[in-house]
Amino acid sequence: MPAIQMRHDVDPKREILDKVGDLSEIQVMNANVLVGIYIRPQMTKGGIIVHTAQKEDQYQGKVGLVLGIGPLAFQDDATNKFAGQQLQVGDWVAFRTNDGDALDVNGQRCRLLQDTTVRMKLARPDSIC
């Protein structure tokens, strides 16, 4: 079953980047990845209103926009082999709802994840639900 596409009044990537603002004073360390949590809009492209989506995503969101990547992220070591897989700032990713540390950065709900807890790279944030 395909994911439900959401109706975005504003580009979700632009919305997160505008809200988080200047990150020049934040340096992501080690093998961590900082992601801004994607908060689904209340309405699907088909016009269905999803009342619980926004509140649920704040605390149990599983999709985020990569905002920062630590210098050791996605580097092969004795335990983990990434086979050349990399992420860039601006990529959409999926992760389990209980992975990482939840935090707010300039009012934007974020998660600080270990590189190994990133499960998928997505073309768009509503690729999964």
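Cut-offs and rules
Residues numbered from 1 in each chain as written. Predicted model: local features only at pLDDT ≥ 70, side-chain atom pairs only at ≥ 80, totals over all residues. Heavy atoms only, no water. Core = buried A, V, L, I, M, F, W, Y, C linked by side-chain atoms within 4.5 Å. Buried < 20%, exposed > 50% of the residue type's maximum accessible area, 1.4 Å probe, protein only. Helix = DSSP H or I, 4+ residues; strand = E, 2+ residues; numbered from the N terminus. Contact = heavy atoms within 4.5 Å. Phe/Tyr/Trp six-rings, centres within 6.5 Å; stacked < 30°, edge-to-face > 60°. Pairing = 2+ DSSP bridges.

> Just give me the short version of the nonpolar core, but keep the residues and values in it.
The biggest cluster of nonpolar side chains holds 14 residues, and the ones touching the most others in it are L67 and W92. Going through the elements one at a time, α1 (12-20), β2 (63-69) and β3 (92-95) are the ones with two or more residues in this core. Of all the elements, β2 adds the most residues to this core, at 3 residues. Excluding its chain neighbours within four sequence positions, the residues that come into contact with L67 are I16, L17, V20, L23, L34, V35, G36, V89 and C110. Among the nonpolar cores identified, the runner-up in size contains 12 residues, and V35, A73, L113 and V118 belong to it.

> Describe the packing of aromatic side chains, naming the residues involved and giving the relevant values.
What describes a pair of aromatic rings is the distance from one ring centre to the other and the angle between the planes of the rings. Using the criterion set out here, one finds 2 aromatic pairs in the structure. Taking the centre distance of 5.7 Å and the plane angle of 75° together, the rings of Y38 and W92 count as edge-to-face. With Y38 in the loop between β1 (32-37) and α2 (53-60) and W92 in strand β3, this residue pair connects regions lying 54 residues apart in the sequence. Plain terms: the ring middles of F74 and F82 are 5.3 Å apart, the flat faces sit at 70° to each other, and that makes the pair edge-to-face. Assessed through its relative accessible area of 10%, F82 is described here as buried.

> With reference to specific residues and values, describe the pairing of strand β5 (residues 108-114).
With 5 bridges joining them, β1 and β5 adopt antiparallel strand pairing. Directly across from V35, in β5, lies its bridge partner R111.

Purely geometric stuff here, so don't read any function into it on its own.
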